[in-house]
Amino acid sequence: MTNLPSERFLAVKVVMMPRDTNPGGTIFGGVLLSYIDQAGVVGAHDLIRDRGWPAPTLVTVALNGVEFHQPVFVGDVVSFWTRVVRIGRTSITVHVAVETDRLGQTVSLTKAEVVYVAVDDERKPVGIAPHG
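Residues numbered from 1 in each chain as written. Predicted model: local features only at pLDDT ≥ 70, side-chain atom pairs only at ≥ 80, totals over all residues. Heavy atoms only, no water.

Student: Describe in detail the side chain of Thr110, supporting the description with residues and values.
Tutor: Within the secondary structure layout, Thr110 lies in strand E5 (residues 105-119). Apart from the residues lying within four places of it in its own chain, the contact partners of Thr110 are Leu32, Ile36, Val66, Glu67, Phe68, His69, Val96, Ala97 and Val98. (Helix = DSSP H or I, 4+ residues; strand = E, 2+ residues; numbered from the N terminus. Contact = heavy atoms within 4.5 Å.)

Laid out in structure tokens, this is it:
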């Protein structure tokens, strides 16, 4: 499908807390991966809702191209920006960019692409867009 929005969507914004630190004092990568997954599905559902399509159950099938650029510190207010990059018959791929503001500068922390598949109640793949 074409005609995907070029603007990004702020899906999640969270303050990093001491409970999320590793022994080195920075935020565990796995904590960020969890938020990336959550942000991606929020961004996917936002596009689906904007198009007026029925909201399917989306399950994560892949987290691709994860890149950690900078450490994340306790107290960072981290923004998870999404942009849908592909809609297939049963799948939707979302780019997630993770940023914080440090001393008035936007710092790129992490990025990834997350692939979700729409499933029915029996966890079988179903179409994302209505037939038409």
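Student: Please give an account of the pattern of salt bridges that cites residues and values.
Tutor: Note on pairing: side chains with opposite charge can pair once their charged atoms come close. Under the definition given, this model contains 5 salt bridges. A salt bridge links Asp20 to Arg19, with the nearest nitrogen and oxygen atoms 3.9 Å apart. A relative accessible area of 10% places Asp20 in the buried class. Of the charged contacts in the structure, one is a salt bridge between Asp76 and Arg102, with a shortest N-O distance of 2.5 Å. Of this pair, Asp76 sits in the loop between strand E2 (57-68) and strand E3 (77-87) while Arg102 sits in strand E4 (residues 91-102); the two residues are 26 residues apart in sequence, bridging distant segments of the chain. (Salt bridge = Lys/Arg side-chain N within 4 Å of Asp/Glu carboxyl O. Buried < 20%, exposed > 50% of the residue type's maximum accessible area, 1.4 Å probe, protein only.)

Student: Before we move on, can you summarise the sheet that holds strand E1 (residues 9-15) with the specific residues and values?
Tutor: Strand order in the open sheet formed by 5 strands is E1-E3-E4-E5-E2, and the pairing between neighbours is antiparallel. With partners counted over all chains shown, the strands left at the sheet margins are E1 and E2, one partner each. The sheet shows a mean angle of 25° between the axes of neighbouring strands, direction not considered. In this structure, E2 lies alongside E5, joined through 9 bridges in antiparallel fashion. Bridge pairing links Leu63 to Val114 in E5. (Pairing = 2+ DSSP bridges. Axes fitted to C-alpha atoms, helices over the stretch in contact; angles between N-to-C directions.)

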